[in-house]
Amino acid sequence: MMMKTLPLYILLAVSFIFNAMAQNQDPNLQVVASFGKSQPIGVSVSSDNRVFVSFPHKDPYLFGLTEIVNGERKAFPNAEWNAVEGDYKEHFVNVQDIYVDTDDQLWVLDSKPAPSGSIFGKEGGSDKKEGQFKLVQIDLKSNQVKQIFTFDDLDKSKSGLNDVRVDTDKKLAYLSDPGQASIIVLDLKTGKSRKILSNSKYTLANADVVLTYHGKEMRDKDANPFRSNVNGIALTKDNKWFYFKPINAMNLYRIETKYLADASLTDEALKSKVEDMGEVGITHGLVADHEGNIYLTTSLDYSIRRLTPEGKLEIVVQDPRLIWPDSLGVGSDGYLYFSCAQMQLLPQWNDVKDLVQYPYEVYRVKVL
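What counts and how
Residues numbered from 1 in each chain as written. Predicted model: local features only at pLDDT ≥ 70, side-chain atom pairs only at ≥ 80, totals over all residues. Heavy atoms only, no water. UniProt positions renumbered as here; feature names shortened; annotations may be inferred. Helix = DSSP H or I, 4+ residues; strand = E, 2+ residues; numbered from the N terminus. Buried < 20%, exposed > 50% of the residue type's maximum accessible area, 1.4 Å probe, protein only. Pairing = 2+ DSSP bridges.

As annotated in an unreviewed UniProt entry, the chain carries the name Gluconolactonase and is attributed to Sphingobacterium mizutaii NBRC 14946 = DSM 11724. Its UniProt record, at the heading Subcellular location (unreviewed entry), says of the chain: "Secreted".

Printed below as a string of structure tokens:
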């Protein structure tokens, strides 16, 4: 039986990664936990440095939401919520993002888009014509679920809710929706949501921006490039500024949350309130710290940068192990915690070849 020869670009990519792994590793980068073949996505940290990590519903699936205790995963808030099957409103279907707000409430975005709303194609979405979405509030003092929001007024055939941030002052949740190229504003008092800045230059992916790694464009088997509309978002700790951008775009934008809270403003009026923060390159996850820094992850050069309040863009950490650094959380211990999703090495972007460098890991680095 003849063995198939891997394409040259795959061999070169693998060779590059293994060679790079042996060099230029930042000694300040620490492994928080390893997960074998389970892909971590969401990461958030409480005020007393409890670390939470979420996982999409894909093989091998153990839990959707976990707390990391002594380097190990523990189902959170309990085993029932992490059951594989059950009532949609009483178990996690596909945890996409998590966020600890300034009141130490953990918000869990459980998002399984329909194929039309998924940024990853049918493989990453539901087989149903409509997606399933809910936002779950968990009180970290009692570890009990407090509220569940089901987005009954959302277009579930098109939506692809991706990231969430919660404004504790205005009792609003802000969510990125790459499926509809929109920001969703959820009123936590009424459960009603609004879709804003839809299909604007601030929320739409740039079709000319194609992610490229070592000379190979990130495309699926049908030659479709990876593309995401508005994706990463951040909310400053004073709840004043909301930052956002598509993955396939170069510039970062922000808007004052007082305008997001004003339901009387039209999309055109909101567009006039958006500020262009300048070019920051291809980025994935965003998060803010108490100093007003905005952290941005990028897979193209294995780095995390931050935009300072003075507008300076600087590298925080750069390391070959940062393969698609994704979701982030900042602890009161001064560490930045983050996942590495390794999206560009998944089979669907590599002619069905799995190039992921196992184990998946979550890291931390001192930043404050």
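Having seen the model, we can carry on.
Chemist: Explanation requested: unusual backbone geometry in the structure shown.
Modeler: With the exception of glycine, most residues fall at negative phi, and the peptide bonds are largely trans. For the bond running from Phe76 to Pro77, omega is 0°, close enough to zero to count as cis. Within the fold, Pro77 resides in the loop between β5 (72–75) and β6 (95–100). The omega torsion across Tyr358 and Pro359 is 5°, close enough to zero to call that bond cis. Along the polypeptide, Pro359 turns up in the loop between β25 (335–340) and β26 (361–366). Phi at Asn143 is positive, roughly 60°, even though this residue is not glycine. Relative to the helices and strands, Asn143 resides in the loop between β8 (132–139) and β9 (144–149). In the Ramachandran plot, Asn199 falls in the positive-phi region, its phi being about 50° despite a non-glycine side chain. Tracing the backbone through its elements, the reader meets Asn199 in the loop between β13 (193–196) and β14 (212–213).

Chemist: Help me understand the pairing of strand β22 (residues 303–307), please; the structure alone is not making it clear to me.
Modeler: Residues in a regular strand point their side chains to alternate faces of the sheet. Counting buried positions along β22 gives four out of five residues, so the element sits mostly inside the fold. Sheet analysis places strand β21 (residues 294–298) next to β22, joined by five bridges and oriented antiparallel. The residue of β22 that forms the bridge with Ile294 is Leu307. Counting the residues that bridge the hairpin from β21 to β22 gives four residues, and of these Tyr302 lies at a positive phi of roughly 55°.

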